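Here is how the chains run, residue by residue.
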Amino acid sequence: MKVELIVIDSFGIGEMPDANQFGDEGSNTYLNTYKKTGVKLNNLARLGLNSIDGVNLEHEQVVGSFARLQEKTFAKDTTAGHYEMCGLVLKNPYPTFPNGFDQGLLDLLKEKLGVEFLGNKVASGTEIIKELGDEHLRTHKPIAYTSADSVFQIATHIDVYPLEKLYELCQKVRDIFGPDSKYNFGRVIARPFATNDKGEFYRLEARKDYALNPPALTLIDKLNANKFDTVCIGKIEDIFNFRGISESNHTKNNHDGLHAIIETTKRRDINGLVFANLNDTDMLYGHRNNYVGYADALKEIDEHIPEIVENLDDDDILLITGDHGCDPTTPSTDHSREYVPLVIYGKKLKNNINFGTILGFDIINKSILDLFGIETHEDSIFRKLK
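Calculation notes
Residues numbered from 1 in each chain as written. Predicted model: local features only at pLDDT ≥ 70, side-chain atom pairs only at ≥ 80, totals over all residues. Heavy atoms only, no water. Helix = DSSP H or I, 4+ residues; strand = E, 2+ residues; numbered from the N terminus. Buried < 20%, exposed > 50% of the residue type's maximum accessible area, 1.4 Å probe, protein only. Contact = heavy atoms within 4.5 Å. 1 Å grid on protein atoms, 1.4 Å probe; cavity = no way out; pocket = protein on both sides within 12 Å on 5 of 7 lines; lining within 4 Å. Points joined across faces, edges and corners; volume = space filled by probe spheres on them. Nonpolar A, V, L, I, M, F, W, Y, C, P; charged D, E, K, R; others polar. Phe/Tyr/Trp six-rings, centres within 6.5 Å; stacked < 30°, edge-to-face > 60°. Axes fitted to C-alpha atoms, helices over the stretch in contact; angles between N-to-C directions. Parallel < 35°, antiparallel > 145°, perpendicular 65-115°, else oblique. Left-handed = near helix turned anticlockwise from the far one by under 90°.

Asker: What's the story with the overall build of the chain in this structure? I'm lost.
Answerer: Within the chain one finds twelve helices and 14 strands. Over its C-alpha atoms, taken along the principal directions, the chain stretches across nearly 60 × 45 × 40 Å. Across the 386 residues in the chain, those meeting the buried criterion constitute 59%. For the chain, long-range pairs separated by at least 24 residues make up 69% of all intrachain contacts whose partners lie at least 6 apart in sequence.

Okay, here's the thing in structure tokens:
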């Protein structure tokens, strides 16, 4: 038996009650994208997406069950969202830097590494290399920037910093800002770029993440310790720093990720969790306010749902959710504080059950641990679907 847990990165379905504290009033990644593009996700709707409280779009017969999840962690970033769905609710989320990095942080890097950085602001990775790429080539200073995530991103040109040199720099920054540091941000990310034949800068597919170990045991750890498989697809390995993962496929994009997911549904040797992140919605479109691209990415996912469903074994369960919002129709290019969907499908499970709004992404953790007999959780969604 396996649970296929698919995270559509940044797939929010409406502002949470405290969205005003994040400046995210009016954000609704799914509905606002739908209003702009008319995108129809018929297969996800059939699983229950359009029946979720607050969505309420047209749909045909529903064969899955569904809920709206409200995050407990006071955050709206990738790490916090994935941690929470794996049972780790951060009391003190990793720091973010909406106004750029503190001067003390940059001074410490200059003191320890002798490196000065350009940039130092919240920015799109493609835009900041357009803005500062020439200055970087002239000065050889790395470009540092951040986002709504707790990240320190370092962009360097391949002609100035060969990959290994960039990776070495990122590892040194990670070592300085560990779990006990004042600046214990979630990830340091290497973002190499190059120049094309037209003289334009473009990012290379050689990104590398340097994460912290989760500060407590997660769903992945507990499954692994109990001899269940933990197969991860996409950037899951980066988020959890490889801990507890028995098999990983670091796919580069949604196309590859979807095909990797389908291959796992066909496998009968997996007993445990398949945990996948589909990141194009967030990285390529949400942060760039490209709602047409966002809609197309959702449509691509939707088109693969029938093949995923038909290849599930009789006892397998499919869960599809999000980790935060990133509304491409609002002026902001950052994440948004939103509810996320949860659709549930299994050939032996009851269908068309509306769980309403559930407090905590960690209901996913509780339900899976209860399903595999590792922990007892009376509020497991699967108990109510048998």
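Still more ground to cover, so stick around.
Asker: Any chance you could explain the environment of Phe74 here in plain terms?
Answerer: Position of Phe74 among the secondary structure elements: in the loop between strand S2 (65-70) and helix H3 (78-85). The partly exposed category is assigned to Phe74, whose relative accessible area is 43%. Counting along the chain gives 196 residues from Phe74 to Ile270, while the straight-line C-alpha distance between them is 34 Å. When neighbours within four sequence positions are excluded, Phe74 is seen to be in contact with Asp18, Gln21, Phe22, Pro93 and Arg337.

Asker: Please clarify how unusual backbone geometry should be interpreted in this entry.
Answerer: Most peptide bonds are trans, and most residues other than glycine sit at a negative phi. We note that Ser10 has phi near 75°; this positive angle belongs to a residue other than glycine. As for its position among the elements, Ser10 is in the loop between strand S1 (2-8) and helix H1 (29-37). When its relative accessible area of 0% is taken as the criterion, Ser10 is described as buried. Of note, the phi angle at Asn289 is positive, near 55°, even though the residue is not glycine. Residue Asn289 is classed as partly exposed on the basis of its relative accessible area of 24%.

Asker: What am I meant to see in empty space enclosed by the protein here?
Answerer: A probe matching the size of a water molecule, rolled over the atoms, marks out where space remains unfilled. According to the stated counting rule, one finds one cavity of 30 Å³ or more in the structure shown. In this model, the largest cavity occupies a volume close to 270 Å³. Lining the largest cavity are 23 residues, and of these Ser147, Gln153, Arg191, Met283 and His287 sit closest to its centre. Of all the secondary-structure elements, those providing two or more residues to the lining of the largest cavity are helix H5 (125-139), strand S5 (151-157), strand S6 (187-195) and helix H10 (280-286). By residue number, the principal contributor to the lining of the largest cavity is S6, which donates three residues. Classifying every residue of the lining of the largest cavity gives five nonpolar, nine polar and nine charged.

Asker: What is the right way to look at helix H12 (residues 363-371) in this model?
Answerer: In an α-helix, one turn spans 3.6 residues; hence positions three or four apart end up facing the same way. The element H12 is extensively covered by neighbouring structure, given that eight of its nine residues are classed as buried. Taken as a whole, H12 has its buried residues at Ile363, Ile364, Asn365, Ser367, Ile368, Leu369, Asp370 and Leu371. Taken from the residues just after H12, Gly373 is the one with a positive phi, measuring 75°.

Asker: How do you make sense of the packing of aromatic side chains when you look at a structure like this?
Answerer: Any aromatic ring pair is given by two values, namely how distant the centres are and how the planes are angled relative to each other. Under the defined criterion, the tally for this structure stands at 14 aromatic pairs. Ring geometry for Phe97 against Phe185: centres 6.1 Å apart, planes inclined by 75°, an arrangement best described as edge-to-face. Linking Phe97 in the loop between H3 and helix H4 (103-113) with Phe185 in the loop between helix H6 (163-176) and S6, this pair joins segments that are 88 residues apart in sequence. As far as burial versus exposure is concerned, Phe97 and Phe185 are alike and both buried.

Asker: Would you explain the layout of surface pockets in this entry?
Answerer: Approximately 550 Å³ is the volume attributed to the largest pocket. Along the wall of the largest pocket there are 26 residues; nearest its centre are Arg191, Glu205, Lys252, Met283 and Leu284. Counting residues per element, the ones that place at least two in the lining of the largest pocket are H5, strand S7 (201-203), strand S11 (272-278) and H10. Taken together, the residues that form the lining of the largest pocket break down as eight nonpolar, eight polar and ten charged. Empty space within the second largest pocket amounts to approximately 280 Å³. Along the wall of the second largest pocket there are 15 residues; nearest its centre are Phe22, Lys76, Thr96, Pro98 and Ala148. Along the lines of polarity and charge, the residues of the lining of the second largest pocket split into nine nonpolar, three polar and three charged.

Asker: Could you clarify how one ought to interpret the packing of helix H9 (residues 254-266) against helix H11 (residues 291-310) in this entry?
Answerer: Helix packing geometry: the angle between the two helix axes and the distance between the axes. Between H9 and H11, the least distance of the axes is 10 Å, while the angle of their chain directions is 15°. Relative to H11, H9 is oriented roughly parallel. For the element pair H9 and H11, the recorded crossing hand is right-handed. Contact residues: Asn254, His255, Leu258, His259, Ile261, Ile262, Thr265 and Lys266 in H9; Ala297, Glu300, Ile301, His304, Glu307 and Ile308 in H11. Considering only residue class, the contact of H9 with H11 consists of six nonpolar, five polar and three charged.

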